[in-house]
Amino acid sequence: MSAGPAIRVSALQDGRLARDLESFRPTHIVSLLDLRLPEHRAPNLDGDYQVFQRRFDDVEDDAATGPVHHVIADLIAFLADWVPSARDARLLCHCHMGA
């Protein structure tokens, strides 16, 4: 029986993402960034992996706009490619704090 897909949650803080990219060697990355993150601080995700990257208004406020339906649909489509290859695939998801 297979152990199942490998998934790791990471964060931008304290260089954690860079360390996880090197040690985990993901095949797929879900990268969630705050709208206010300056472009020069966004991670460089050039590598041998597939990347789904979106920016959100990352606040805990019921009045704030969160991910819109088409972004969720795009994420599901991205993960649909990952699922069939999950035996050998490694999915790394990150946001700012890794929560």
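Residues numbered from 1 in each chain as written. Predicted model: local features only at pLDDT ≥ 70, side-chain atom pairs only at ≥ 80, totals over all residues. Heavy atoms only, no water.

Draft legend 1. Representation of the pattern of salt bridges within the structure. Going through the model one piece at a time under the given rule, you end up with 5 salt bridges. Between Arg16 and Asp20 there is a salt bridge whose closest N-O contact spans 3.7 Å. One end of the pair is Arg16 and the other is Asp20, both in helix α1 (residues 16-24) and 4 residues apart, which spans about a single turn. Relative accessible area serves as the criterion here: at 28%, Arg16 is assigned to the partly exposed category. Given a relative accessible area of 9%, Asp20 falls into the buried group. Arg36 is the partner of Asp34 in a salt bridge, and the nearest nitrogen-oxygen pair spans 3.5 Å. Look at Asp34 and you get buried, because its relative accessible area is 10%. (Salt bridge = Lys/Arg side-chain N within 4 Å of Asp/Glu carboxyl O. Helix = DSSP H or I, 4+ residues; strand = E, 2+ residues; numbered from the N terminus. Buried < 20%, exposed > 50% of the residue type's maximum accessible area, 1.4 Å probe, protein only.)

Draft legend 2. The side chain of Ser31, seen in detail. Counting through the fold element by element, Ser31 comes out in strand β2 (residues 28-34). At 2.7 Å, the side chain of Ser31 forms a polar contact with the side chain of His94. (Polar contact = N/O pair within 3.5 Å; in protein donor to acceptor, adjacent residues only side chain to side chain.)

Draft legend 3. Fine view of the pairing of β2. In terms of burial, β2 is largely enclosed, as 6 of its 7 residues are buried. Here β2 runs beside strand β4 (residues 90-95); their pairing, made up of 4 bridges, is parallel. Within β4, the position partnered with Val30 by the bridge is Cys93. (Pairing = 2+ DSSP bridges.)

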